[in-house]
Amino acid sequence: MKVFDDMLAPQFAGLAADTTEENIQARIRGNLLMALSNKTGALVLTTGNKSEMAVGYCTLYGDMAGGFAVIKDIAKTLVYRLSRWRNRDGEVIPERIITRPPSAELKPGQTDQDNLPPYEVLDAIMAAYMEEDKSPREIVAMGFAEADVRRVVHLLRLAEYKRRQAPAGIRVTQRGFGKDWRYPITNRYRDEW
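What comes next concerns the included structure. (Residues numbered from 1 in each chain as written. Predicted model: local features only at pLDDT ≥ 70, side-chain atom pairs only at ≥ 80, totals over all residues. Heavy atoms only, no water.)

Describing the nonpolar core
Quick note on the threshold: Throughout, nonpolar core names a set of buried Ala, Val, Leu, Ile, Met, Phe, Trp, Tyr and Cys residues whose side chains join them through atoms within 4.5 Å. The rule is simple: take the accessible area with a 1.4 Å probe, protein chains only, and divide by the maximum for that residue type; under 20% is buried, over 50% is exposed, in between is partly exposed. What counts as a helix is a DSSP run of H or I of at least four residues, what counts as a strand is a run of E of at least two, and both are numbered from the N terminus. Any two residues whose heavy atoms approach within 4.5 Å at even a single point are treated as in contact.
Grouped together as the largest cluster of nonpolar side chains are 21 residues, with contacts concentrated most on Val55, Ile139, Leu156 and Trp181. Those elements that place two or more of their residues in this core are α3 (50-55), α6 (119-131) and α8 (146-158). Each residue touching isoleucine 139, except ones within four places of it in the same chain, is listed here: Ile125, Ala128, Tyr129, Lys134, Phe144 and Val149.

Here's the deal with the packing of aromatic side chains
Put simply, the rule reads: Centre distance within 6.5 Å is the pairing criterion for rings of Phe, Tyr and Trp, where only the six-membered ring of Trp is used; planes under 30 degrees apart are then read as stacked, over 60 as edge-to-face, and the remainder as tilted. By definition here, charges over rings are those cases where NZ of Lys or CZ of Arg is within 6 Å of the ring centre and within 35 degrees of the ring normal.
All told, the structure shown has zero aromatic pairs when counted by the stated rule. A cation over an aromatic ring shows up here: arginine 88 above the ring of tryptophan 85, its NZ or CZ 4.0 Å from the ring centre. In this structure, arginine 163 is placed above the aromatic ring of phenylalanine 177, and the distance from its NZ or CZ to the ring centre is 4.2 Å.

Describing unusual backbone geometry
The backbone of tyrosine 61 shows a phi angle near 65 degrees, a positive value even though the residue is not glycine. For tyrosine 61, the position within the fold is in the loop between α3 and α4 (76-86). Phi is positive for aspartate 133, which is not a glycine, with a value near 60 degrees. Note on placement: aspartate 133 falls in the loop between α6 and α7 (136-141). Aspartate 133 gets classed as exposed once you look at its relative accessible area, which sits at 56%.

Focus: a nonpolar patch on the surface
Threshold: Patch building starts from residues that exceed 30% relative accessible area and form no salt bridge, then joins like charges within 9 Å and nonpolar side chains (Val, Leu, Ile, Met, Phe, Trp, Tyr) within 5 Å. Shrake-Rupley sampling with a 1.4 Å probe provides the accessible areas, and residues are treated as covered by the protein chains on show and by no other component. A pair is scored as a salt bridge if a Lys or Arg side-chain nitrogen falls within 4 Å of a carboxyl oxygen belonging to Asp or Glu.
Together, Leu43, Leu45, Val70, Ile170 and Val172 give the surface a local cluster of nonpolar side chains, amounting to about 430 Å² of exposed area. Given a relative accessible area of 53%, valine 172 falls into the exposed group.

Regarding α6
Every α-helix winds through 3.6 residues per turn, so residues three or four apart in the chain are directed the same way. The buried count for α6 comes to ten of 13 residues, which makes it a mostly enclosed element. Looking at α6, one finds that the buried residues are Tyr119, Leu122, Asp123, Ile125, Met126, Ala127, Ala128, Tyr129, Met130 and Glu131. Looking at the buried residues of α6, the elements they touch are α3, α4, α7 and α8.

A closer look at the side chain of glutamine 110
We count it as follows: Polar contacts, as counted here, are pairs of nitrogen or oxygen atoms within 3.5 Å of one another; within protein the pair requires one atom able to donate a hydrogen and one able to accept it, and residues that are adjacent in sequence qualify only if both atoms are side-chain atoms.
Positionally, glutamine 110 belongs in the loop between α5 (95-99) and α6. On the basis of relative accessibility, which here comes to 15%, the residue glutamine 110 falls in the buried class. Of note is the side chain of glutamine 110, whose polar atom sits 3.2 Å from the side chain of glutamate 22. Sequence-distant contacts of glutamine 110, that is, excluding residues within four places in its chain, are made with Glu22, Ser103, Ala104 and Glu105.

Some thoughts on the pattern of salt bridges
What the rule picks out here adds up to nine salt bridges. Residue aspartate 73 is joined to lysine 50 by a salt bridge in which the shortest nitrogen-to-oxygen separation is 2.9 Å. Taken together, the positions of aspartate 73 in the loop between α3 and α4 and lysine 50 in helix α3 put the pair 23 residues apart, joining distant regions of the chain. Like lysine 50, aspartate 73 is buried. A salt bridge links arginine 163 to glutamate 160, with the shortest nitrogen-to-oxygen separation between them at 2.7 Å.

Structure representation (structure tokens):
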């Protein structure tokens, strides 16, 4: 990261650090994993789940780098439930991984909930909108805060261009991102709120 910082210092002079530097870190890791894959023939599995893919909490050419997305169609809340289930006969996944606040770990103290509703809320809104074809107004009528619905639906729409570049993965829900879900990315199309 220091080499990138030094290389980009002239172009970034006077500009505050932001997600640009965070994304560079993720892309460095992606490059390293892909280099190991190329050298050894091993397949890189991406780590993004359906919740992160829905709202774009994934970095192109970073944590999205890889050949297969095993949990691409599994919501974050289900990932946690599956992790606890896997550990039922003894710890395989360290407990600290399951209990700590979700974070991309790209800056100190960062958590996903700095910018997103809790995953229990996000996952329910995502499922209602994307899997059950409910309108944002119907989702608000279900009892969700309008600000949360607006945020999740807005991010879900914006992240389509990333999802189109994601590796293939297993579909386990009735509607996964990919051929089951398409949203325009090349115009300013916005469906009705």
